[in-house]
Amino acid sequence: MKLPLYFDAHATTPCDPRVVEVMLPFFTDTFGNAASRQHPFGWAAREATDAARSQIAKLIGARPKDIIFTSGATESNNLAIKGIAEASKHRHIVTVETEHRAVLDPCDWLAQPPRGFEITRLRVREDGLIDLDQLKAALRDDTALVSVMAANNEIGVLQPLAGIGQLTSARGIAFHTDAAQAAGKVPLDVEAMRIDLLSLTAHKLYGPKGIGALYVRRRGPAAALVPIIHGGGHERGLRSGTLTTPGIVGFGAASEIAQREMPTEAPRLASLRDRLQAGLQAALPDVTVNGSQTARLPHNLNTSFPGVDGATLLMSLTDIAISSGAACSSASAEPSHVLRAIGVPDNLAKASLRFGLSRFTTVEEVDYVIGRVSDLVTSLRSRRAATMGS
Ligand SMILES: *Cc1c(COP(=O)(O)O)cnc(C)c1O
């Protein structure tokens, strides 16, 4: 076991060595521009990116033509939200207060003058899930878009995508989902779930950083959106710029591996996560788990530790790479807006840890973390009791 241990898989994942191996020739031998139509260098690059497009499309039940490559989920979310807003004659958008900043910020930007969009931010229940009746009541004749994430990046809860898609498709409203955390971890199907736009990023599923995709429905009915980046007309004109062949090939390989291994990997991770949760709760009976324990990613655990100072807790855990319940926009020590939204008091939110298990996490590592975190919390508490008593 090599320290520090990595338990922050919601921030990013390492590139799988199998993915790196597939990528390597595309830096040197097969370096052509996929848009070069006149010679074999371009053809080879085009063939490779087309194959990757198919692998990625398959992961979400889409057609390869409907995949637009971007630099990551932040760009995909911006393209989806601003692109639909610009193309639509409607001026109302529905999203959720627990979304990633890469959804909330583009929505806030659209709300500012002169754009003047009206944004409804749905509240979530104590388990972190939206209420479909509330969503239904929020939909209006002038609603252009509903944007609800597939899986939350802090508490791992899975929103009811199929239920949302039923409501939006019945009203002819575009449905976007940020699936950065869910893709490759839980099954997704843009047809069954009636999703019109879906954001992906490779580095959350053991692929490289700096490459992502936006699924854009092209029929039944087509989602109409305009680009935010203009140029050479790549990607159906929706995202100009030379394709990053190595990144795309890696993204494709990572998607293929994730899909193939999901049936065994998801239960393996869920059982490690359950072991972590049970171990912590056995040592520290007052530990609370944040967010639904059923509609949840298999590799996520978010817990609060009453009676400890969150900053001290995190600072003392130098041998485990992990995130706290303080806002991940790291500069601020504000408690997370997600934990706030599900009613966790600020002091408890700051004393929270987000565990993100990965493909490379072992039982030994989980047991080390259980021992280390419970010993540390116990000693911080007794130190605190001693100072308070003196
Ligand atoms: C990581 C993440 C993003 C941002 O993805 P990038 O590829 O880093 O831009 C957006 N949304 C969610 C839910 C994420 O977890």
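Structure: above.
Predicted model only: the values in this text are computed from it and were never measured. (Residues numbered from 1 in each chain as written. Predicted model: local features only at pLDDT ≥ 70, side-chain atom pairs only at ≥ 80, totals over all residues. Heavy atoms only, no water.)

1. Some details on the site of the ligand
Next, step 1: The environment of the ligand is made up of Gly72, Ala73, Thr74, His100, Met149, Asn153, Asp178, Ala180, Gln181, Thr201, His203 and Lys204.
Next, step 2: Lysine 204 places a polar side-chain atom, nitrogen or oxygen, 2.7 Å from an oxygen atom of the ligand.
Next, step 3: For the ligand, whose unbound accessible area comes to 390 Å², protein coverage reaches 86%. (Near = heavy atom within 4 Å. Polar contact = N/O pair within 3.5 Å; in protein donor to acceptor, adjacent residues only side chain to side chain. Areas by Shrake-Rupley, 256 points an atom, 1.4 Å probe, with all protein chains shown as cover.)

2. Things to note about the nonpolar core
Next, step 1: Counting residues in each nonpolar core, the largest one holds 62 residues, and the members touching the most others are Ile60, Phe69, Leu135, Leu188, Leu198 and Phe251.
Next, step 2: Broken down by element, this core gets its largest block of residues, 7 residues, from helix H8 (residues 245–283).
Next, step 3: When near neighbours in sequence (up to four residues on either side) are disregarded, isoleucine 60 contacts Ile67, Leu188, Asp189, Val190, Leu198, Leu200 and Tyr215.
Next, step 4: Counting 27 residues, the second-largest nonpolar core is a separate cluster that includes Leu276, Leu280, Leu284 and Val373. (Core = buried A, V, L, I, M, F, W, Y, C linked by side-chain atoms within 4.5 Å. Buried < 20%, exposed > 50% of the residue type's maximum accessible area, 1.4 Å probe, protein only. Helix = DSSP H or I, 4+ residues; strand = E, 2+ residues; numbered from the N terminus. Contact = heavy atoms within 4.5 Å.)

3. So, the pairing of strand S5 (residues 143–147)
Next, step 1: Where burial is concerned, most of S5 is hidden: 5 out of the 5 residues are buried.
Next, step 2: Relative to S5, strand S3 (residues 92–96) runs parallel, the two sharing 3 bridges. Note on S5: the bridge partner recorded for isoleucine 93 is leucine 145.
Next, step 3: With helix H7 (residues 161–171) bridging S5 and the parallel strand S6 (residues 174–178), this β-α-β connection has right-handed handedness. (Pairing = 2+ DSSP bridges. Right-handed = clockwise from strand over helix to strand, strands pointing away.)

4. With respect to the packing of helix H4 (residues 73–87) against helix H5 (residues 101–111)
Next, step 1: Where H4 meets H5, the axes come as close as 9 Å, and the angle between the chain directions of the two elements is 30 degrees. Taken together, H4 and H5 sit at an angle that is classed as roughly parallel. The two elements H4 and H5 cross, and the hand of that crossing is right-handed. Two secondary-structure elements touch here, H4 through Thr74, Asn77, Asn78, Ile81, Lys82 and Ala85 and H5 through Ala102, Val103, Pro106, Cys107, Trp109 and Leu110.
Next, step 2: For the contact of H4 with H5, the class distribution of residues is 8 nonpolar, 3 polar and 1 charged. (Axes fitted to C-alpha atoms, helices over the stretch in contact; angles between N-to-C directions. Parallel < 35°, antiparallel > 145°, perpendicular 65-115°, else oblique. Left-handed = near helix turned anticlockwise from the far one by under 90°. Nonpolar A, V, L, I, M, F, W, Y, C, P; charged D, E, K, R; others polar.)

5. Comments concerning the sheet that holds strand S9 (residues 288–289)
Next, step 1: Spatial ordering of the open sheet is given by S9-S10-S13-S12, a layout of 4 strands whose pairing is antiparallel. Across the chains shown, the open sheet's two edge strands, defined by having one partner strand only, are S9 and strand S12 (323–324).
Next, step 2: Of the strands in this sheet, S9, strand S10 (300–304) and strand S13 (352–356) are in contact with H8, which crosses S10 at around 15 degrees.

6. Description of the packing of aromatic side chains
Aromatic rings in a pair are described by how distant their centres are and how their planes are angled relative to each other.
Next, step 1: Enumeration over the complete set of coordinates arrives at 3 aromatic pairs.
Next, step 2: Ring centres 6.5 Å apart and planes at 65 degrees place the aromatic pair phenylalanine 69 and phenylalanine 251 in the edge-to-face group. One end of the pair, phenylalanine 69, is in strand S2 (residues 67–70); the other, phenylalanine 251, is in helix H8, and 182 residues separate them in sequence. For the residue pair phenylalanine 69 and phenylalanine 251, the accessibility class agrees, reading buried in each case.
Next, step 3: Lying across the ring of tryptophan 109, lysine 82 places its NZ or CZ 4.9 Å from the centre.
Next, step 4: Positioned over the ring face of tryptophan 109 is arginine 115, at 3.6 Å from the centre of the ring. (Phe/Tyr/Trp six-rings, centres within 6.5 Å; stacked < 30°, edge-to-face > 60°. Lys NZ or Arg CZ within 6 Å of the ring centre and 35° of its normal.)

7. With respect to a nonpolar patch on the surface
Next, step 1: Taken together, the side chains of Val20, Leu24 and Phe27 make up a nonpolar region of the molecular surface, amounting to roughly 280 Å² of accessible area.
Next, step 2: Inspection of the secondary structure puts valine 20 in helix H1 (residues 17–23).
Next, step 3: A residue is classified by how much of its surface remains accessible, and valine 20, at 33% relative accessible area, is partly exposed. (Patch = residues over 30% accessible without salt bridge, like charges linked within 9 Å, V, L, I, M, F, W, Y side chains within 5 Å. Salt bridge = Lys/Arg side-chain N within 4 Å of Asp/Glu carboxyl O.)

8. What about the pattern of salt bridges?
Next, step 1: Considering all chains together, one arrives at 28 salt bridges under this definition.
Next, step 2: A salt bridge links arginine 18 to glutamate 261; its shortest N-O distance comes to 2.7 Å. Within this pair, whereas arginine 18 is found in helix H1, its partner glutamate 261 is found in helix H8, the two being separated by 243 residues in sequence.
Next, step 3: Residue arginine 18 is classed as partly exposed on the basis of its relative accessible area, which comes to 37%.
Next, step 4: In this structure, arginine 217 engages glutamate 191 in a salt bridge whose closest nitrogen and oxygen atoms are separated by 3.3 Å. Placement of the pair is arginine 217 in the loop between strand S8 (212–216) and H8 and glutamate 191 in the loop between S6 and strand S7 (197–201), with a sequence separation of 26 residues.
Next, step 5: With relative accessibility at 5%, the residue arginine 217 sits in the buried group.
Next, step 6: Exposure remark for glutamate 191: the relative accessible area of 44% places this residue in the partly exposed category.
Next, step 7: Three or more residues joined by partner-sharing salt bridges are found here, namely Asp16, Arg18, Glu261 and Arg359.

9. Overview of the sheet that holds S7
Next, step 1: If you walk across this open sheet you meet the 7 strands as S2-S8-S7-S6-S5-S3-S4, and the pairing is mixed. Looking at which strands have only one partner, the edges of the open sheet turn out to be S2 and strand S4 (118–122). Along the sheet, successive strands turn relative to each other by an average axial angle of 20 degrees, direction set aside.
Next, step 2: Sheet analysis places S3 next to S4, joined by 5 bridges and oriented parallel. Of the residues in S4, the one forming a bridge with valine 94 is threonine 120.
Next, step 3: Taken strand by strand, H7 contacts S5 and S6, and its axis lies near 160 degrees from that of S6.

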